[in-house]
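Remarks on the overall topology
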Amino acid sequence: VQLQASGGGLVQAGGSLRLSCAASGRTFRLYSMGWFRQAPGKEREFVAGISWGSSTLTYVDTVKGRFTISRDNAKNTVYLQMNGLKPEDTAVYYCAYQRSALTVVSGDLGAYDYWGQGTQVTVSS
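Here is what the cut-offs are and how they apply
- Residues numbered from 1 in each chain as written.
- Predicted model: local features only at pLDDT ≥ 70, side-chain atom pairs only at ≥ 80, totals over all residues.
- Heavy atoms only, no water.
- Phe/Tyr/Trp six-rings, centres within 6.5 Å; stacked < 30°, edge-to-face > 60°.
- Helix = DSSP H or I, 4+ residues; strand = E, 2+ residues; numbered from the N terminus.
- Buried < 20%, exposed > 50% of the residue type's maximum accessible area, 1.4 Å probe, protein only.
- Lys NZ or Arg CZ within 6 Å of the ring centre and 35° of its normal.
- Salt bridge = Lys/Arg side-chain N within 4 Å of Asp/Glu carboxyl O.

Before going further, it helps to spend a moment on the packing of aromatic side chains. Within the structure shown, the criterion is met by six aromatic pairs. When the ring of Phe36 is compared with that of Phe46, the centres are 5.5 Å apart and the planes differ by 75 degrees; the resulting orientation is edge-to-face. With Phe36 in strand β4 (residues 33–38) and Phe46 in strand β5 (residues 45–50), this residue pair connects regions lying ten residues apart in the sequence. We note that Phe36, like Phe46, is buried. Both rings, one in Phe36 and one in Tyr112, keep their centres 4.9 Å apart while their planes meet at 80 degrees; by these two values the pair is edge-to-face. Note that Phe36 is positioned in strand β4 and Tyr112 in strand β10 (residues 112–115), a separation of 76 residues in sequence. Tyr112 carries the same exposure label as Phe36, and that label is buried. Three or more aromatic residues joined by ring pairs make a cluster, and in this case those are Phe36, Phe46, Tyr112 and Trp115. Directly above the aromatic system of Tyr31 lies the positively charged group of Arg26, at a separation of 4.6 Å from the ring centroid.

What follows is the structure, encoded as structure tokens:
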């Protein structure tokens, strides 16, 4: 199982980035997916999740209205569109596979078993 995240970079406050995560090694369409982030000195936190059928999207309160998670099952890819970026969004962003197939999307870090390598997002003020 592999997850390859990309799309991070340096952006000014108010700008936008689109993260992508290419997945392999599982039947992608059967698994809910999540995006997490970890800032220096802080614990990894849930950012957004999408259910296996895309019917349920969930976000941490701090990104609601600014970030949008989506997936393309034909491309085995999950995306995170980030608009209105703030300096406090600076972190390494990780995508992850939820542990069990055909389950509701979870915001619990322990519900995920495979992680991408992370992509750095830096927002300057």
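With that settled, consider the pattern of salt bridges. Throughout the structure, instances matching the rule amount to five salt bridges. Arg37 is the salt-bridge partner of Glu45, the closest N and O atoms lying 2.6 Å from each other. Of the charged contacts in the structure, one is a salt bridge between Arg37 and Asp89, with a shortest N-O distance of 2.9 Å. Residue Arg37 is found in strand β4, and its partner Asp89 is found in the loop between β8 (77–82) and β9 (91–98); the two are separated by 52 residues along the sequence.

Another point: unusual backbone geometry. Phi is positive for Ser54, which is not a glycine, with a value near 65 degrees. Following the sequence through the fold, Ser54 ends up in the loop between β5 and β6 (57–59). Taking relative accessible area as the criterion, Ser54 reaches 34% and is therefore assigned partly exposed. Of note in the backbone geometry, Asn76 takes a positive phi value of approximately 50 degrees without being a glycine. Assessed through its relative accessible area of 26%, Asn76 is described here as partly exposed.

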